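Residue-level listing of the chains:
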Amino acid sequence: MMKSDFWRAFARNKGAVLGLVILIAIVALAAFASFLFPGDPWEMATAPFQPPLSEDALLGSDMLGRDIASGIAHGARVSLLIGLTSTAAALAIGVTLGALAGFHGGRIDDAIMRFTELFQTIPNFVLAVVLVAIFTPSLTTIVAAIAIVSWPPLARLARAEFLSLRTREFVQAAITTGQSNTTIILRQILPNSLSPIIVSASLMVATAILLESSLSFLGLGDPNAMSWGYMIGAARTVIRQAWWMSVFPGLAIVLTVLALNLVGEGLNDALNPKLARSRG
Amino acid sequence: MNRTDPLRTPMEAAAMTTPLPDVPLLDVRGLSIALPPGADRPLAVDNLSFTLNPDEILCVVGESGSGKSMTAHAMMGLLPAPHVRVAGGSLRFKGKDVLTMPEAEQRSLRGGRIAMVFQEPMTALNPLMRVGRQIAESLREHTDLPAPARRARVVELLGQVGLPNPAELADAYPFRLSGGQRQRVMIAMALACQPDILIADEPTTALDVTTQKQILDLIRSIQAERHMGMMFITHDFGVVAEIAHRVAVMRHGKLVEYGPAAEVLNRPQHPYTRQLIASVPHYIEHRDDHAKQGAPLLVADKVRKVFHVGGGLFRKSKQVVAGDDLTLTIHPGETVGLVGESGSGKSTLGRSIVGLIKPDSGRILFEGTDLLALDRQGFRPYRRAVQMVFQDPYASLNPRHRVGDIVAQGPVAFGEDRTKALARARELLAMVGLDGSAADRFPHEFSGGQRQRIGIARALAMEPKLLVADEPVSALDVSVQGQVLELLDDIRRRLNLAMLFITHDLRVAAQVCDTIAVMRRGRIVEMGTAREVFTHPRDDYTRSLLDAIPGKGWRIPDDLQPVRAGAH
């Protein structure tokens, strides 16, 4: 695929470009959090219940006088970190299992798909809550829990791609020229099945961020990491007196998820040009 | 008289075949169809003029991309607007310009007065609607027949197109019908409103040769009975010879030759027409018998393969016997043609030999070793010796790999040094007639014929002794077909390769094969030297296959034979 073609197709979708800009801003915020807001976001920075635009706190302070803006900046780190790592882990599990199932077919496919269905029958969020509750909340267990509940759709997608590509003649040609199964999976089929996988992975980062926020909201977040979900959860009791405590982290979540979805859609347009054209 | 002039008056042409009508049924003048910017040429159809008279079959011939289907689509209002649009000219139906008519009038014309039959009977019918209802649709649209009368008419039509049990068939869903039956339904649908013009866009291309013959016979008799004007689009000069009254040859959107069938077929004037006709594979010319050298290279012995279709936990699967008691011998340097219609199991045998399918029983002996008894590791050395050339030049090359890589991958998998393998790949690409820079490019930059050459180079990179070619030219245009066949023949001779050539086209088989095996329903019904099989077929089925070859009554003009031998 030519790089310039890819960018041209991506840039044709104005929403995707907007999403990318927002996303870059959020990444920058996360990267420079310690520089913009030195000090621990858990520390009391000013008087409690300061409204936005007050002297020491641009977005106000919470019940314990912690700076909301600082929390959002440091929370961006946690959210992005968890979103990306858990998606990477889900990709590793899902694509591996899906590829094996789709490539080999038959019994292996049956076994892997039944295993996948086992996970799909349990509601995502409930399973994640249970897993985190059992293994005590920490960044690692949260990432693991999110990865474990979100790989099945990726596995199904990878399997479908592999199933159809496996019968293509170039794969059969690879078999007749004596290439090993590993080579065929990694070099022949995988590159051709990546486009839809990349698209759904980009959307999955958004879902992972939402999941993490929900877990933190329930108090199942890492107690040492400031996170958007935790901020909203903590502020929910005082939402009528101090709206800013929950609205700003909420906005951060909305913007991040929206940006990721826009980027995902742009990737879809750029990587699956046939679909994009039919949409007009 | 200059026959290549597209603006020659239609009357002159018509006068040769049919009585002079006052107004032609269809009069196309200076038709131009514009392609969107960025396409390979600005005009899909460039200043095209022709006429169609009642009671006449006009064959529009051309290779893919010649604009022949575009013309038909313009007439039926099927151009993918707004990207592709008519840029100029007129399309007069009985004197009235279709292009400037109000939308409603155009609609009543299409499907009513002008009907169309499409190429792909598998996709042209709505799979969720009973065929009777699909035919009744156009009756409801264009006539005021009440429902019971419509039903009676549908049954009558299905009977007329030669379908058995028309009343029962009207209630069937398309998936129950074979390809030939679906094409008959399509024809019945087109005939529903007694059109004056029937446009048939490659209506037999997707069909087997015996079915093709039946459909051509049907089309011809229906056309004659109803005195319709018919525009028949095809790429096959055999079909042209079979049914055409007049012929229009198109190339790159331009009309290059236009005249009565006998003239164009037997005394073609334009160089392009001459080249096209010269590359038509012709079944009469078969080669000398092959002198068998030494011990057989490959022996297939009573190979049997049954596919289990459908079925699940609670359902029994259906059994399809794709190969039964298949016995076949290939000697070094010999080309064996495996001929049969779709579903006859010819590909199953080919794929079993290269190890893509594991037969249920039987033996495949390669130089005396039974390949089927070997495990994965044991079979590996034989992979090199038996190579395959695939049918679809678009699906058989990995779109994400460079051509040099594609050719070199096999040897690299067998432990060859990558740089050496790439250098060899370049040599092979040159050998199949591609230039050196081809190795650094991606498959999508090549045409179908060039891709097929890459596929051949890939197979040759393994230094095989036996090449299994599964319909290697059926996806290509005739002129390209000839070139690829010549290349295969040349390589086979130079490297003394044995070849199993799988094809549905007897004419192609006649051109390259020493020995022919005819397959039907998973069995080899006849096997012998090409000469025997073509001149003295012993089996009835072989005879019916030979009989179904379109245009067998027509001989390629003698002065064109030399063009063919020296073609590219």
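Everything quoted here is computed from the prediction, not taken from an experiment.

> An account of the environment of Met-231 of chain A is requested, with residue identities and associated values reported.
All names here are of chain A. Summarising the element assignment, Met-231 is placed in helix H10 (residues 228-235). Classification of Met-231 as buried rests on a relative accessible area of 9%. On a C-alpha basis, the gap between Met-231 and Ala-160 in space is 40 Å, while along the polypeptide they are 71 residues apart. When near neighbours in sequence (up to four residues on either side) are disregarded, Met-231 contacts Ile-68, Gly-71, Ile-72, Met-226, Met-245 and Pro-249.

> Now, about empty space enclosed by the protein: what can you tell me, with residues and values included?
All names here are of chain A. Applying the stated rule across the entire model yields three cavities of 30 Å³ or more. Considering only enclosed or pocket space, the largest cavity measures out at about 110 Å³ in volume. Mapped onto the lining of the largest cavity, the elements with two or more residues apiece are helix H4 (68-104) and H10. Residue composition of the lining of the largest cavity, grouped by class: eight nonpolar, one polar and three charged.

> Got a sec to walk through the domain arrangement of chain B? Specific residues and values, please.
The domain architecture assigned to chain B consists of domain 1 (123-192) and domain 2 (331-353 + 375-548). Put simply, the middle of domain 1 of chain B and the middle of domain 2 of chain B, counted by C-alpha atoms, are 41 Å apart.

> How would you summarise the sheet that holds strand E13 (residues 335-340) of chain B if you had to cite specific residues and measurements?
Residues and elements named next belong to chain B. Taken in spatial order, the six strands line up as E16-E17-E18-E13-E19-E20 in an open sheet, and their pairing is mixed. The sheet is open, and its two edges are formed by strand E16 (386-389) and strand E20 (523-529), each paired on a single side. Sheet twist, expressed as the average angle between the axes of neighbouring strands with direction ignored, equals 20°. Here E13 runs beside strand E18 (residues 498-503); their pairing, made up of five bridges, is parallel. When the sheet's bridge partners are listed, Val-339 is paired in E18 with Thr-503. Each of E16 and strand E17 (466-470) is contacted by helix H17 (residues 448-461), which is oriented at about 175° to E16, the strand it contacts most.

> A description of the nonpolar core should follow, citing residues and the corresponding values.
All names here are of chain B. Membership of the largest hydrophobic core comes to 59 residues, with the highest contact counts inside it found for Ile-135, Ile-187, Phe-232 and Phe-237. Residue contacts for Ile-187: discarding those within four places in its chain leaves Val-117, Val-161, Ile-215, Leu-218, Ile-219 and Ile-222. Core analysis: the next-biggest nonpolar cluster, separate from the first, contains 51 residues, Val-339, Ala-425, Phe-501 and Ala-509 among them.

> Explain the UniProt feature "domain: ABC transporter" (unreviewed entry) in chain B to me, and be specific about the residues and the numbers.
Annotation from UniProt places "domain: ABC transporter" (unreviewed entry) at residues 28-277 and 298-546 of chain B. With 40% helix and 25% strand, the stretch residues 28-277 of chain B has end C-alpha atoms that lie 26 Å from each other.

Reading guide: rules and limits
- Residues numbered from 1 in each chain as written.
- Chains lettered and ligands numbered in written order.
- Predicted model: local features only at pLDDT ≥ 70, side-chain atom pairs only at ≥ 80, totals over all residues.
- Heavy atoms only, no water.
- Helix = DSSP H or I, 4+ residues; strand = E, 2+ residues; numbered from the N terminus.
- Buried < 20%, exposed > 50% of the residue type's maximum accessible area, 1.4 Å probe, protein only.
- Contact = heavy atoms within 4.5 Å.
- 1 Å grid on protein atoms, 1.4 Å probe; cavity = no way out; pocket = protein on both sides within 12 Å on 5 of 7 lines; lining within 4 Å.
- Points joined across faces, edges and corners; volume = space filled by probe spheres on them.
- Nonpolar A, V, L, I, M, F, W, Y, C, P; charged D, E, K, R; others polar.
- Domains from an automatic or database assignment.
- Pairing = 2+ DSSP bridges.
- Axes fitted to C-alpha atoms, helices over the stretch in contact; angles between N-to-C directions.
- Core = buried A, V, L, I, M, F, W, Y, C linked by side-chain atoms within 4.5 Å.
- UniProt positions renumbered as here; feature names shortened; annotations may be inferred.

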